[in-house]
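# Residue-level structure breakdown
Residue-level listing of the chains:
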Amino acid sequence: MNTPVLDATPAAAAAHRSWPAEGFTRAPYWAYRDPALYALEQERIFRGPHWHYLGLEAEVPERGSYKGTFIGELPVILTRSEDGSVAAVLNRCAHRGNLVVREPFGKTQKLHCVYHSWTFSLKGDLLSVAFRNGLRGEGGLPKDFSMAEHGLRKLRVATICGFVFATFSDDTPPLEEWLGEVADGIRRVCRDKPLKVLGYDTQRIHANWKLYHENPRDSYHANILHTFYGTFGLSRQSQESGMVLDASGRHVYFYTKAGTEKDSADYQQTAAALRSHNAGLALEDTSILKWRDEIGDGVSIQILTTYPSFVLHQIANSLATRQLVPRGPDECDLVWTYFGFADDDEETTRMRLAQMNLVGSAGMVSVEDAAVCEMMMRAIGDGATGESFIEMGGRELDGGGNTKLSERAIRNFWHAYRQDMRI
Ligand code: FES
Ligand SMILES: [Fe+2]
């Protein structure tokens, strides 16, 4: 397909770029580098008709609690409002655009802008304006100024199992409808139990956000790249496993069941050549491998991704959300929020904390994901030439079925991306 790219952006159109004729089985490397494309992503994806993860309800536990976060480039405030509901507003003063909240977390009765002291409710309604009526009959706002029309920009908010999502768009379908079958993966992990935050970790990844977004959709790499998984048996291709996509192909989770190995001659032959199976490695302290099947279905790992910027993982008993925040075409932040349940006993909490060593910016498994994204960015260079090849499991959107040895979820990502971007 030789559709001109970025009809709305003359700079990119002038570059005569077009998507490869093979469609969603290829991703041209300019898509990870082009500043005009990045700007258009902010409009069509991050401010477009999708739900974006903001945080846990447990992070804003009391009336007046707030959290500063992002959707794409835009700063957003998640609050627990006066009536106890969660709300989200754009973190941009309705007067002249100052940042209203500067701290990552806090507690307040009202949202207050320091510049000229306009004050807003926790839902964003304008409550007061300094010198609204001027002084001694001079200055002040026009007589017909409407307080109701000058609140903070409100976002639609929805929650599932204590996770808060928001959208700028009126056209986004209800959250659970938007998630489709993948909502089951969230319910399976959380079982509607109250959550408890255990800690945070934020890493700057020197790579385009889409390189990281592809990574947890890429079930094919997990047992190949990650030495820890294969060597210590937490995840191997020979185990019972599968992949679930929603009908739109935007959201996906995959899972594996440790201890269900069915080794075939084929598998033995391949595994012998994988660097991820290294019999020479051993752990001095094996407690990190002791996971408890707390859900009772044998699933040792479940990685869930919603389009475009949310990940929920269960790796053994380690639980975390990952929020992907783009920081220009060449960088992104990944915010990890580790959690357990409010009714966890001390031993369970310690087990989750110990297993956190597997994940996060320096995790024995996860460190390799960011490293690969950064190495890809270096290899892509300026993106002027080349494209990735995405045919593992076939050339169709459903090619590969439910096997993890497939790039089906990545093909579906590029299909959805191109629809949204109209390229
Ligand atoms: S910019 Fe916030 S009160 Fe003026
Ligand atoms: Fe990985």
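Residues numbered from 1 in each chain as written. Chains lettered and ligands numbered in written order. Predicted model: local features only at pLDDT ≥ 70, side-chain atom pairs only at ≥ 80, totals over all residues. Heavy atoms only, no water.

## Things to note about the coordination of the iron ion (ligand 2)
Protein coordination at the iron ion (ligand 2): the donors are His221 (NE2), His226 (NE2), Asp369 (OD) and Asp369 (OD), at 2.1 to 2.7 Å from the metal. In this structure, the iron ion (ligand 2) is coordinated by four donor atoms arranged in irregular fashion, with angles at the metal of 53 to 144°. Written as a sequence motif, the donor arrangement for the iron ion (ligand 2) is H-x4-H-x142-D. (Donors = N, O, S within 2.8 Å, 3.2 Å for Na, K, Ca; no water. Tetrahedral: all angles 85-135°; square planar, octahedral: opposite > 155°, others 65-115°.)

## Section: the nonpolar core
Ranked by internal contacts, the top residues of the largest apolar core, which has 66 residues, are Ile71, Ile205, Trp209, Leu358, Trp414 and Tyr417. Of the domains in this structure, domain 1 (52-159) and domain 2 (182-421) are the two that each give at least three residues to this core. In this view, leucine 358 contacts Phe228, Leu234, Ile288, Ile315, Gly363, Met364, Val365 and Ser366; residues no more than four positions away in its chain are not counted. (Core = buried A, V, L, I, M, F, W, Y, C linked by side-chain atoms within 4.5 Å. Buried < 20%, exposed > 50% of the residue type's maximum accessible area, 1.4 Å probe, protein only. Domains from an automatic or database assignment. Contact = heavy atoms within 4.5 Å.)

## Notes on the pattern of salt bridges
Inspection of every chain in the model, using the stated rule, returns 27 salt bridges. Ionic pairing is found between aspartate 34 and arginine 17, a salt bridge with its closest N-O pair at 2.7 Å. Of this pair, aspartate 34 sits in the loop between strand S1 (26-28) and helix H2 (35-46) while arginine 17 sits in the loop between helix H1 (10-14) and S1, and the two are 17 residues apart along the sequence. The partly exposed category is assigned to arginine 17, whose relative accessible area is 23%. The partner of arginine 26 in a salt bridge is glutamate 22, and the shortest N-O contact between them spans 3.9 Å. Overall, arginine 26 belongs to the buried group, its relative accessible area being 10%. With relative accessibility at 40%, the residue glutamate 22 sits in the partly exposed group. (Salt bridge = Lys/Arg side-chain N within 4 Å of Asp/Glu carboxyl O. Helix = DSSP H or I, 4+ residues; strand = E, 2+ residues; numbered from the N terminus.)

## Focus on the domain arrangement of the protein chain
Taken domain by domain, the protein chain comprises domain 1 (52-159) and domain 2 (182-421). Computed from C-alpha coordinates alone, the two centres of domain 1 and domain 2 are separated by 36 Å. Taken together, the contact between domain 1 and domain 2 spans eleven residues of the former and 14 residues of the latter. Counting each side, the surface lost to burial between domain 1 and domain 2 is near 1100 Å², with a carbon and sulfur contribution of 61%. Contact with domain 2 buries area across many residues of domain 1, yet Tyr53, Leu56 and Phe70 alone supply 49% of it, more than any other trio. For the interface between domain 1 and domain 2, the tally reads zero salt bridges. (Buried area = accessible area lost by both parts, 1.4 Å probe.)

## Regarding the pairing of strand S2 (residues 52-56)
Counting buried positions over the five residues of S2 gives five, a clear majority of the element. Note that S2 and strand S11 (residues 163-167) share four bridges and pair antiparallel. Across the sheet, residue tyrosine 53 finds its bridge partner in S11, namely phenylalanine 165. (Pairing = 2+ DSSP bridges.)

## So, the sheet that holds strand S9 (residues 126-128)
Within the open sheet, the three strands sit side by side as S7-S8-S9. Their pairing is antiparallel. With partners counted over all chains shown, the strands left at the sheet margins are strand S7 (111-112) and S9, one partner each. Two strands pair when backbone bridges link them, and S7 and strand S8 (residues 119-120) are joined in this way by two bridges, in the antiparallel orientation. Following the sheet pairing, histidine 112 is matched in S8 by threonine 119.

## Side note on the environment of valine 244
On the secondary structure map, valine 244 appears in strand S13 (residues 241-245). With 55 residues separating them along the chain, valine 244 and valine 299 place their C-alpha atoms 14 Å apart. In contact with valine 244, other than residues within four places in its own chain, are Glu181, Val182, His251, Val252 and Tyr253.

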